[in-house]
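As a plain string of letters, each chain reads:
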Amino acid sequence: MRVFIAGDTHGNTNWWLSYLLPTAKAHRADVIVQVGDFGFWEHEPDGITYLDRLNREAAAQCIVIYALHGNHDNWSDTMRRYGHDRDDDGFVRVRSHIRYIPQGHVWTWAGRSMRAFGGAYSLDKEWRIKTERKREAAAWSRENERRAAGKAPRDVPSFADTLWFRDEEMTDQEFTELMVAHIFTVDVVFSHDKPRGSDPGLDLKNEPACHPNQDRLQLALHTHRPRFWFHGHLHHAYTQTLRSGDDDTFTDVIGLSCDDAARPRFWRPYDCWAVLDLLDDERMVVTTGRLLEELKAEVTPGLPADDGLRTITLAIMRAKRGTPHEEHDGWDLPADGLPTCGCGEELPGVLKAILDGPLR
Ligand SMILES: [Zn+2]
Ligand SMILES: [Zn+2]
């Protein structure tokens with residue numbers, strides 16, 4: 001089974017249609033998991049149009065999109081509308097081909113256990129609340145003008161929870177309840193926010209107000225000790241290996257960037273996705289868009305891109321672990337110069353760079 005994982009999409013229909021769905025299809029993904037700030041925004045007409053249009057395209061490609069919630073998703077509204085309608089795996093059916101992954105949900109795909117944690121703290125919370133109030137005041141002044149002109153009074157709805165959502169992050173109590181409900185190890189975790197212990201290098205969301213939620217996720221990391229942890233929210237791509245237990249248990253944390261409309265400086269489209277292969281022999285292999293892009297230039301011509309890249313990725317992982325390569329005697333990794341295989345075959349330079357990087 002192949003899972004395509006997408007970073008923040010912020011209700012950007014064009015981004016899905018022109019880039020994400022075709023990329024997922026090109027990699028023969030069976031399902032898509034989106035890690036929050038997806039665009040659950042049905043309190044406005046545009047939000048409904050977005051879900052309808054995206055669903056039509058996903059249905060046409062026979063692929064189901066599973067999205068957890070970010071700080072900019074009106075997930076309570078989604079639960080109010082569709083929470084009663086669950087599929088066999090407990091996902092909330094939002095459209096025929098769009099599912100909401102409820103907070104803390106645990107499920108199994110191809111024998112591997114997965115868990116999702118939505119939410120984060122919004123650093124622009126004050127601006128959002130102020131804008132909601134301004135919009136409400138403007139609506140009231142229009143209504144008062146109508147009434148002054150002798151028209152029948154109409155209701156002005158509250159603008160609260162239209163730009164900033166009060167339940168954007170879980171409380172300690174909610175988190176404790178989720179952990180008590182499932183304290184076992186999990187193979188893969190998807191979240192919106194990052195676990196506190198990961199270091200993305202460039203982190204614009206490393207503020208005290210962001211830390212409580214990231215601390216909760218760090219606790220989840222030490223409890224579940226997953227092999228892989230995917231998240232969004234930072235709009236910045238990185239991979240890092242963290243120790244997740246006091247023995248030799250490690251978690252590869254993979255942060256994904258966002259859609260083109262919200263892009264930060266130095267953004268590249270391939271920074272916003274990764275592919276998780278759940279292989280029949282119980283191995284799991286992750287290939288990020290960035291890794292594939294870097295390898296593309298170096299792959300032996302004639303190899304089918306997908307299979308060739310997977311082979312190379314597996315070889316890298318084996319080399320990093322220091323275990324012998326299948327067909328060769330093992331990689332020789334000199335301090336300087338290119339690594340060579342036992343048979344004398346040289347690794348391309350870009351692979352050396354990756355070997356020195358955090359991917360194991
Ligand atoms: Zn976010
Ligand atoms: Zn975002």
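1. Here's the deal with the overall build of the protein chain
Right, so step 1: A count of helical and extended segments in the protein chain gives nine helices and 15 strands.
Right, so step 2: Residues classed as buried in the protein chain amount to 37% of the 360 residues present.

2. Let's talk about the sheet that holds strand β11 (residues 250–255)
Right, so step 1: The strand order across the open sheet formed by six strands is β6-β7-β8-β9-β11-β10, and the pairing between neighbours is mixed. Both edges of this open sheet fall to β6 (106–109) and β10 (238–243), since each of them pairs with a single strand only. Recorded for the sheet is a direction-independent mean angle of 20° between the axes of neighbouring strands.

3. Let's talk about helix α1 (residues 13–26)
Right, so step 1: Over its 14 residues, α1 extends 19 Å from the first C-alpha to the last, a length consistent with the 20 Å expected when each residue adds 1.5 Å.
Right, so step 2: The largest bend in α1 comes to about 35°, at Leu20, with the proline Pro22 one to four residues further on.
Right, so step 3: Among the residues making up α1, those that are buried are Trp15, Trp16, Leu20, Leu21 and Ala24.
Right, so step 4: Residues of α1 that are buried make contact with β1 (2–6), β2 (31–34), α2 (45–60) and β12 (273–278).
Right, so step 5: The positive-phi residue at the C-terminal boundary of α1 is Arg28, with phi of around 50°.

4. What to know about the pairing of β2
Right, so step 1: Sheet topology note: the β1/β2 ladder contains four bridges and is parallel. Directly across from Ile5, in β2, lies its bridge partner Val33.
Right, so step 2: In this region the chain leaves β2, passes through α2 and returns to the parallel neighbour strand β3 (residues 64–67); the handedness of that crossover is right-handed.

5. A few points about the sheet that holds β3
Right, so step 1: Here seven strands make up an open sheet; going across it, the order is β4-β5-β3-β2-β1-β12-β13 and the pairing mixed. Of all strands in the sheet, those with a lone pairing partner are β4 (92–95) and β13 (284–288), marking the two edges. Going from strand to strand, the sheet's axes swing by 25° on average, the running direction of each strand aside.
Right, so step 2: Relative to β4, helix α3 (residues 75–82) is tilted by about 95°, and along the sheet it contacts β4 and β5 (98–100).

6. Thoughts on α2
Right, so step 1: A rise of 1.5 Å per residue sets the reference length of α2, with its 16 residues, at 22 Å; its end C-alpha atoms lie 23 Å apart and thus fit the reference within 8%.
Right, so step 2: The complete set of buried residues in α2 reads Tyr50, Leu51, Leu54 and Ala58. Mapping the buried residues of α2 onto a view down its axis gives an arc of 90°, with all of them on the same face. Exposed residues on α2 whose side chains face more than 90 degrees from its buried face are Pro45, Ile48, Asp52 and Ala60.
Right, so step 3: In this structure, the buried residues of α2 make contact with α1, β3, β4 and β5.
Right, so step 4: Just past α2, the residue Cys62 takes up positive phi, approximately 55°.

7. Structural notes on the environment of Arg115
Right, so step 1: Within the secondary structure, Arg115 is located in strand β7 (residues 112–117).
Right, so step 2: Ignoring any residue separated from it by four or fewer positions in sequence, one finds Arg115 in contact with Gly104, His105, Val106, Val186, Val189 and His224.

8. Comments concerning the pairing of β4
Right, so step 1: For β4 and β5, the ladder comprises three bridges, and the chain directions are antiparallel. Bridge pairing in β5 links Arg95 to Ile98.
Right, so step 2: If you look at the hairpin formed by β4 and β5, you'll find two residues sitting between the two strands.

9. Here's the deal with the packing of α1 against α2
Right, so step 1: Close contact between α1 and α2 brings their axes to 9 Å; oriented N to C, the two are set at 20°. Judged by the angle between their axes, α1 and α2 are roughly parallel. Crossing of α1 against α2: the hand is right-handed. Touching Thr13, Trp16, Leu17 and Leu21 of α1 are Tyr50, Arg53, Leu54 and Glu57, all from α2.
Right, so step 2: Here the contact of α1 with α2 is built from residues that sort into five nonpolar, one polar and two charged.

10. Section: the confidence of the model for the protein chain
Right, so step 1: Summarising the model, the protein chain shows a mean pLDDT of 86, and 81% of its residues fall at 70 or more.
Right, so step 2: A low-confidence stretch, residues 321–331 (pLDDT under 50), is modelled with 17 contacts involving residues beyond four sequence positions or located in other chains.
Right, so step 3: Ignoring residues within four places in sequence, the model shows residues 353–360, a span with pLDDT below 50, making 21 contacts including any to other chains.

11. Let's talk about the environment of Leu291
Right, so step 1: Mapped onto the fold, Leu291 is located in helix α7 (residues 289–296).
Right, so step 2: Residue Leu291 is classed as buried on the basis of its C-beta count, with 22 C-beta atoms lying within 10 Å.
Right, so step 3: Placed 21 residues apart in sequence, Leu291 and Tyr270 show a C-alpha to C-alpha distance of 8.9 Å.

So, how was this worked out
- Residues numbered from 1 in each chain as written.
- Chains lettered and ligands numbered in written order.
- Predicted model: local features only at pLDDT ≥ 70, side-chain atom pairs only at ≥ 80, totals over all residues.
- Helix = DSSP H or I, 4+ residues; strand = E, 2+ residues; numbered from the N terminus.
- Buried ≥ 20, exposed ≤ 12 C-beta atoms within 10 Å, placed from the backbone.
- Pairing = 2+ DSSP bridges.
- Axes fitted to C-alpha atoms, helices over the stretch in contact; angles between N-to-C directions.
- Expected span 1.5 Å × (residues − 1).
- Bend = angle between axes of the 7 residues up to and from the residue.
- Contact = placed C-beta atoms within 7 Å.
- Right-handed = clockwise from strand over helix to strand, strands pointing away.
- Arc of directions from axis to C-beta.
- Parallel < 35°, antiparallel > 145°, perpendicular 65-115°, else oblique.
- Left-handed = near helix turned anticlockwise from the far one by under 90°.
- Nonpolar A, V, L, I, M, F, W, Y, C, P; charged D, E, K, R; others polar.
- pLDDT = per-residue confidence, 0-100.

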